[in-house]
Amino acid sequence: MCLAFVHSPGWSEPTPLVGVFEDRHRRFASGTVVPTVTLRAAIASLLVVVLLAASASAEPARRTPPTSLADLSADVVRALADYHATLERARPSYEAHVQAVAAAVAERRALYEAGAVAASAMEEAERALADAQQALAEHLEAIEEAERMLSESVLHERLARLMPLPPGRYEDASGLVRYAGTTRWSLRDLGELKAAFSRAFGRPLPVSAVGQTRVHDRLGLDHRNAVDVAVHPDSAEGRWLMAHLREAGVPFIGLREAIPGSATGAHVHVGPTSPRLHAR
Ligand SMILES: [Zn+2]
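Because the structure is predicted, anything quoted here is derived from the model rather than measured.

This part is about the overall build of the protein chain. Within the protein chain, the secondary structure is distributed over seven helices and eight strands. Looking at the protein chain as a whole, 32% of its 280 residues qualify as buried. A separation of at least 24 residues holds for 66% of the contacts in the protein chain among residues at least 6 apart in sequence.

See below:
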């Protein structure tokens, strides 16, 4: 989490992460599989610890070494990984529910066509199916958002443990491929990058985030001038992208994995990294 990157004491209310979890748990309140109280309590107490440490670091007289904040951000990464795993565990029950309701709809349709049930009963079954499909879609969306949050948190947690690179320097270490860049990058340059990628691969650049998104807001990250591209740094597309950016002097960071042993969360962040927590 970005709290590892608080360098100025100007921030005040970095609690958006709590909102994310609460939103999700409210959403699953009618379900049967997602534990709510324990996880929410764990996240809340974790954030209290992180915020206290961050406040302490903002006082010049009590300077906290950056590593301690990096350690705390690692705790948040673990909490996010647990949250993501919890959502993943619940996924099969949402999928099974859709299948069961779809089978019931098919059965009822046969009865309806045979004249054995009323149209209202058919409509009721179809509404139940639409509800189940909606619940599954929202769950998948929650998983995707949790992946993006985890991915960004892991990237910044690792970055917090590394020295900044001087302009023009390239480094491949700690699961990150970094290039410090020699030119300014802005979102206005995205069109040229998209065109070059399409020429090279015959498909659109798989952009997963352009500029500031809800995920970045909630993590307190300034992503206004950055773009995330959903390619693995070691894939042909990832290697091409990083070589292209390096040639153009554009800074980037490639993340190989957000969950150990899985390619989940791998991406290339294009543009500057702004580690400060901005006020919301
Ligand atoms: Zn990014």
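Additional details are given in the paragraphs that follow.
Attention now goes to the confidence of the model for the protein chain. Residues of the protein chain with pLDDT of at least 70 account for 73%, and the chain-wide mean is 79. This model gives residues 1-62 a pLDDT under 50, and the stretch forms 97 contacts once residues within four places in sequence are excluded.

This next bit is on helix α7 (residues 236-248). Every α-helix winds through 3.6 residues per turn, so residues three or four apart in the chain are directed the same way. Taking 1.5 Å of rise per residue, the 13 residues of α7 would be expected to cover 18 Å, and the 18 Å separating its terminal C-alpha atoms lies within 8% of that figure. Taken together, the buried positions of α7 are occupied by Gly 238, Leu 241, Met 242 and Leu 245. Down the axis of α7, the buried set is contained in an arc of 95°. They therefore lie on one face. Facing away from the buried side of α7, by more than 90 degrees, are the exposed residues Ala 236, Ala 243 and Glu 247. Contacts from the buried residues of α7 go to β2 (176-179), α5 (190-201), β5 (227-229), β6 (252-255) and β7 (267-270).

This brings us to the environment of Ile 253. Tracing the chain through its elements places Ile 253 in strand β6. A count of 24 C-beta atoms within 10 Å places Ile 253 in the buried class. For Ile 253 and His 269, which are 16 residues apart along the polypeptide, the C-alpha to C-alpha distance reads 5.1 Å.

Counting residues in hydrophobic clusters, the biggest one holds 40 residues, and the most contacted among them are Leu 80, Phe 252 and Val 270. Per-element tally for this core: the top contributor is helix α4 (residues 119-160), with eight residues. Two domains each provide a minimum of three residues to this core, namely domain 1 (2-160) and domain 2 (170-277). Apart from the residues within four sequence positions on either side, Phe 252 is in contact with Tyr 179, Met 242, Leu 245, Val 268, His 269 and Val 270.

Attention now moves to the sheet that holds β2. Strand order in this open sheet of six strands is β1-β2-β6-β7-β5-β3, and the pairing throughout is antiparallel. Both outer strands of the open sheet, β1 (170-173) and β3 (207-210), are each paired with one neighbouring strand and no more. On average, each strand axis in the sheet is inclined to that of its neighbour by 15°, with strand direction left out of account. Pairing of β1 with β2, which is carried by four bridges, proceeds in the antiparallel orientation. Note that in β2 the partner of Ala 173 across the bridge is Leu 176.

This part covers the pairing of β7. Residues of β7 alternate between two faces, with His 267 and His 269 on one and Val 268 and Val 270 on the opposite face, all of them buried. With three bridges joining them, β5 and β7 adopt antiparallel strand pairing. Paired with Val 227 across the bridge in β7 is Val 270. By the bridge criterion, four bridges tie β6 to β7 in an arrangement that is antiparallel. Along β7, the bridge assignment pairs Phe 252 with Val 270.

In this structure, Val 77 sits in helix α3 (residues 66-113). Residue Val 77 is classed as buried on the basis of its C-beta count, with 21 C-beta atoms lying within 10 Å. With 181 residues separating them along the chain, Val 77 and Ala 258 place their C-alpha atoms 9.1 Å apart.

Take Leu 129: it is sitting in helix α4. Each C-alpha atom of the pair Leu 129 and Val 105 lies 7.4 Å from the other, and the pair is 24 residues apart in sequence. Every residue in contact with Leu 129, bar those within four places of it in the chain, is listed here: Val 101, Ala 102 and Val 105.

Rules used throughout
- Along every chain, residues carry numbers that run from 1 in the direction the sequence is written.
- This being a predicted model, a pLDDT of at least 70 is required before a residue's local features are given, and a value of 80 or more before pairs of side-chain atoms are given or counted; all residues contribute to the totals for chains, interfaces and linings.
- Working definition: helices are DSSP H or I runs of at least four residues, strands are E runs of at least two. Numbering for both runs from the N terminus.
- Working definition of burial: number of other C-beta atoms within 10 Å of the residue's own, with buried at 20 or more, exposed at 12 or fewer, and partly exposed in between, all C-beta atoms being placed from the backbone.
- We call two residues in contact whenever the C-beta atoms placed from their backbones are within 7 Å.
- Note on scores: pLDDT gives the predictor's confidence for each residue, bounded by 0 and 100.
- Given the number of residues in a helix, its expected span is that number minus one, multiplied by 1.5 Å.
- What the arc describes is the spread of directions from the helix axis to the C-beta atoms.
- Any nonpolar core is a set of buried residues, restricted to Ala, Val, Leu, Ile, Met, Phe, Trp, Tyr and Cys, that join up through C-beta atoms within 7 Å.
- The start and end points of each domain follow an automatic or database-based domain assignment.
- Note on pairing: two strands pair once DSSP finds at least 2 bridges between them.
- Here an axis means a line fitted to C-alpha atoms, over the contact stretch when the element is a helix, while the angle between two N-to-C directions is reported on a 0 to 180 degree scale.

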